[in-house]
Amino acid sequence: MSENGGNPSLSDLADLNRIVHEPARLAIMALLYVIESADFTFLINQTGLTWGNLSAHISKLEGAGYLEVEKSFKGKRPSTTLRLTTQGRKAFHDYAQRMKQLFKDVPA
Amino acid sequence: MMNPINLKEVERKAFRSTYQDGLWDIYWGLLVICMALFIYRPADGYNAWNTITMALSFLLLYGLFWAGKKYITLPRMGQVSFGAVRKKKTRTLGIILGVFVLIHVGVVGLSIYSWANPEVSTILSSFIKSPRSELLIVASIGSLIVGTSMLVIAYFSDFLRGFYIGVMMALAVFLMIYLNQPIYPIVIGTVIILPGVVLLMRFLKTYPLHKEGLSNE
């Protein structure tokens, strides 16, 4: 929050969840919010991110407790399933609500 | 300019992307062809053996479809599990198809009973005077059963091409029964398959197998 009594609406921007706010992570979270779970390949195809890029963002989201990463084997092939945690779902929902409020009355 | 994120649209696009491989089109098209090849026998008419071979060919086709999904689509497209709304839709589809099957069995049972019963048979014969009209009624009922079932599947599966496939399948069944010729369903089956083959080729080009994809890490 602003300490010098600035515009309260604008000072709210500083409080945005920066982990969710990053465009690539926002895309990952938006997709995982509407589905139950997906693997790496599906996320790459849907978001258009590269393997390395996706991997880095997944680590960040996992570190924040927003993402659950489950490693298993399907036959001989390792498989990584990703899903949002309850905390992750709440973070995305709160972020979306906040953005809606922030840009409620944009002048034409 | 950026478009606003529509989460319902994100989910719908993700779901419909699972149909990009064209395997459904190929499966339904081959199903129509198998139906024409195995059930149509001008010399001996319809018999149990034809029905058994057709059912076996349907099972084989489903096996091929499943293998295609497992070995072609999933390694390229990735695996996904959709949310509660989709699962509810699948359950509803299962219930509706179950009711459909019961209605179909009822219609077939009632027809057999009616024709076997001399009194009802006489009444029916007074309405249906020529064998041509009988064929017309059977062809209409058959195409209605197949068409509506496929349209319901298309609606609940969000499979847009399914509506077109449903209409084509209904037409195939109608022509096969009414004109008593297998060539029409074979041609219609091929027409259903062709876009599927094009989609499959495009899918293989768009989603090549990645080295990373094999490890999926």
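Located above this text is the structure these notes cover.
Residues numbered from 1 in each chain as written. Chains lettered and ligands numbered in written order. Predicted model: local features only at pLDDT ≥ 70, side-chain atom pairs only at ≥ 80, totals over all residues. Heavy atoms only, no water.

Draft legend 1. Molecular detail of the pattern of salt bridges. Residue and element names in this part refer to chain B. Taken as a whole and assessed by the stated rule, the structure comprises 10 salt bridges over all chains. Put simply, E11 and R86 hold a salt bridge, and the shortest N to O gap is 2.9 Å. You can see E11 sitting in helix α1 (residues 7-16) and its partner R86 sitting in helix α4 (residues 84-116), a full 75 residues away along the chain. Neither E11 nor R86 differs from the other in exposure class; each is buried. (Salt bridge = Lys/Arg side-chain N within 4 Å of Asp/Glu carboxyl O. Helix = DSSP H or I, 4+ residues; strand = E, 2+ residues; numbered from the N terminus. Buried < 20%, exposed > 50% of the residue type's maximum accessible area, 1.4 Å probe, protein only.)

Draft legend 2. The arrangement of the pairing of strand β2 (residues 67-74) of chain A in detail. All names here are of chain A. Here β2 runs beside strand β3 (residues 77-84); their pairing, made up of 8 bridges, is antiparallel. Counterpart to K74 in the pairing with β3 is R77. Linkage of β2 to β3, two consecutive antiparallel strands, is achieved through a turn of 2 residues, within which G75 is found at a positive phi near 70 degrees. (Pairing = 2+ DSSP bridges.)

Draft legend 3. Here's a closer look at the interface of chain B and chain A. Counting from both sides, the interface comprises 23 residues of chain B and, opposite them, 23 residues of chain A. In this assembly, chain B and chain A are joined by 1 salt bridge. In this structure, E36(A) and K87(B) form a salt bridge, with 2.7 Å as the shortest nitrogen-oxygen distance. Of all the secondary structure elements, the ones that give two or more residues to the side of chain B that touches chain A are α1, α3 (48-77), β1 (80-82) and α9 (211-215) of chain B. Residues belonging to the side of chain B that touches chain A are distributed by class as follows: 10 nonpolar, 8 polar and 5 charged. (Contact = heavy atoms within 4.5 Å. Nonpolar A, V, L, I, M, F, W, Y, C, P; charged D, E, K, R; others polar.)

Draft legend 4. Structural detail: the packing of aromatic side chains. For the structure shown, the criterion picks out 16 aromatic pairs over all chains. Between the aromatic rings of Y33(A) and F92(A), the centroid separation amounts to 4.8 Å while the plane-to-plane angle is 40 degrees, which identifies the pairing as tilted. With a gap of 59 residues between them, Y33(A) in helix α3 (residues 23-34) and F92(A) in helix α6 (residues 86-102) connect regions that are remote in the sequence. By relative accessible area, Y33(A) is classed as partly exposed at 23%. Ring geometry for W24(B) against F159(B): centres 6.3 Å apart, planes inclined by 40 degrees, an arrangement best described as tilted. Here the residue W24(B) occupies a position in helix α2 (residues 23-39), and F159(B) occupies one in the loop between α6 (131-156) and α7 (161-179), the gap between them amounting to 135 residues. Judged by its relative accessible area of 23%, W24(B) falls in the partly exposed class. Positioned above the aromatic ring of F15(B) is the side chain of R86(B), whose terminal nitrogen or guanidinium carbon lies 3.9 Å from the ring centre. (Phe/Tyr/Trp six-rings, centres within 6.5 Å; stacked < 30°, edge-to-face > 60°. Lys NZ or Arg CZ within 6 Å of the ring centre and 35° of its normal.)

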